[in-house]
Amino acid sequence: MDGFAAFAVAFAASAGVLLLFNLVHRGMSADEIIGKITLQAVPASFGAVLARAQLGEKSDREERAERETGYWGELFHMMAGAIFFAFNVAPTEEIVVISHKMTHWHALALALASIVAMHAFVYAAEFRGQAAVPEGMSRSSLFARFTLTGYAMALVVSAAVLWLFGRFDGDATAPVLMAVIVLGFPAAIGAAAARLIL
Amino acid sequence: MSEGEKDDGRGRGTFWQWLAAVLGIVLIVGCLSFLIWEGLGRDDAPPDITLTTIGMVPQRDRWLVTIRAVNHAGSTAARLGAVGELREGGQVVETSETTFDYVPAHSEREAGLFFTRDPAKFELRLRAVGYEQP
């Protein structure tokens, strides 16, 4: 039920903001208006859930549930974070423009930088006092199972969101891959941050 | 292994976790290898554009000719200008133009040109007139 409530709040908030900026107005067809508000409501609902997680008060039951998140739960959190960041940025021109200006070597460096950044987040968790590195787990095991899997997921999320916004139409593999890696960078940061926060 | 645990109790990860990790590694290595392979191919020749007609659609008081631009080379063309000329007996009767925002390497994009005369009655010539490096 929380999810539906979050979406309802997000829908109302999106409608309000779009009206305020005169991005929906008279003269637009009904399906254009509904479409814009719905699309905007997707990242807005993530924001609603995030705000509640960060700022709201939790019941004891919820506290316990949080501490017991298993591996797949963590992966799910990472996916949510990746989608959130990717969704906010993908509709813009900038992602595609940046990918056009980059060479393959730039994209390679960006991919490696994304992986390094993701892994760094794990150690940042220690400063927050959370046990992000479970006891007994070796570093390479952690790297493979969280960081690499997480980055692969960020790439998949990035590709899915780009496809959703029609950014792939008519393109060959190389430009598609470049755009996926460019969007994969904020998606990877989102995934790593979500794992810390949620 | 209960729901809340991150591994098999010995810090090593279950079979499914390692499967996920292997899939992830395969995906990442595949992407990076592709990039390296393409990068080494040194295919950064300037854009090589061909324009073709897709179809002609009669509309209310004009005709629409849909066109496709294909970039055969390895660099992206930005702001690609395309001009369509209707010719009769060597004379240009009507000209229409449009601009493609981006035509990436080895990719294609579609656009349309509006004419006030029926293109089927004339010789239609399409040409690319210029582009910008992104």
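Just above, that's the structure.
Residues numbered from 1 in each chain as written. Chains lettered and ligands numbered in written order. Predicted model: local features only at pLDDT ≥ 70, side-chain atom pairs only at ≥ 80, totals over all residues. Heavy atoms only, no water.

## Quick notes on empty space enclosed by the protein
Note the cut-off: A pocket, in this scheme, is an open set of points on a 1 Å grid over the protein atoms alone with protein on both sides within 12 Å along at least 5 of 7 lines, while a cavity is a set where a 1.4 Å probe fits but cannot get out; residues line either one if an atom lies within 4 Å of a point. Grid points are joined across faces, edges and corners, and a volume is the space filled by probe spheres set on the points. Strands are runs of DSSP state E lasting at least 2 residues, helices are runs of H or I lasting at least 4, and numbering of each runs from the N terminus. Throughout, the ten residues Ala, Val, Leu, Ile, Met, Phe, Trp, Tyr, Cys and Pro are labelled nonpolar, Asp, Glu, Lys and Arg are labelled charged, and all others, Gly among them, are labelled polar.
Overall, the coordinates contain one cavity of 30 Å³ or more when judged by the stated rule. The wall of the largest cavity is formed by Val96, Ser99, His100, Arg167, Phe168, Asp171, Pro175, Val176 and Ala179 of chain A together with Pro104 and Arg109 of chain B. If you list the elements that add at least two residues to the lining of the largest cavity, you get helix 5 (93–101) and helix 8 (173–197) of chain A. Tallied by class, residues from the lining of the largest cavity come to six nonpolar, two polar and three charged.

## Considering helix 1 (residues 2–20) of chain A
Residue and element names in this part refer to chain A. For clarity, the cut-off: Multiply 1.5 Å by the residue count of a helix minus one, and that product is the helix's expected span. Only protein chains enter the calculation, and the probe is 1.4 Å; a residue is then buried if its accessible area is under 20% of its type maximum, exposed if over 50%, and partly exposed in between. Of all possible arcs, the one meant is that of the directions from the helix axis to the C-beta atoms. Note on contacts: a residue pair is in contact if any heavy atoms of the two residues lie within 4.5 Å.
With 19 residues, helix 1 should reach 27 Å at 1.5 Å per residue; the first-to-last C-alpha distance of 27 Å fits that figure. When we look at burial in helix 1, the residues that qualify are Ala6, Ala10, Ser14, Ala15 and Leu18. The buried residues of helix 1 all sit within an arc of 165° when viewed along its axis, so they share a single face. In helix 1, the exposed positions angled more than 90 degrees off the buried face are occupied by Asp2, Val9, Ala12, Leu19 and Leu20. Buried-residue contacts for helix 1 involve helix 2 (30–55). Asn22 occupies a position one or two residues after helix 1 and carries a positive phi of about 55°.

## Here we look at helix 1 (residues 15–40) of chain B
With 26 residues, helix 1 of chain B should cover 38 Å at 1.5 Å per step; its first-to-last C-alpha distance of 37 Å lies within 8% of that length. Turning to helix 1 of chain B, its buried residues are Gln17, Ala20, Ala21, Gly24, Ile28, Cys31, Leu32, Leu35 and Gly39 of chain B.

## Details of the sheet that holds strand 3 (residues 77–88) of chain B
All names here are of chain B. Threshold: At least two bridges found by DSSP between two strands are what make those strands a pair. Interaxial angle, 0 to 180 degrees, is taken between N-to-C directions of lines fitted to C-alpha atoms, where a helix line uses only the stretch in contact.
Strand order in the open sheet formed by three strands is 4-3-6, and the pairing between neighbours is antiparallel. In this open sheet, the two strands that pair with only one neighbour each are strand 4 (91–103) and strand 6 (123–132). Across this sheet, the average inter-strand angle for adjacent strands is 20°, counted without regard to direction. Taken together, the 11 bridges between strand 3 and strand 4 define a ladder with antiparallel strand orientation. Counterpart to Ala77 in the pairing with strand 4 is Val103.

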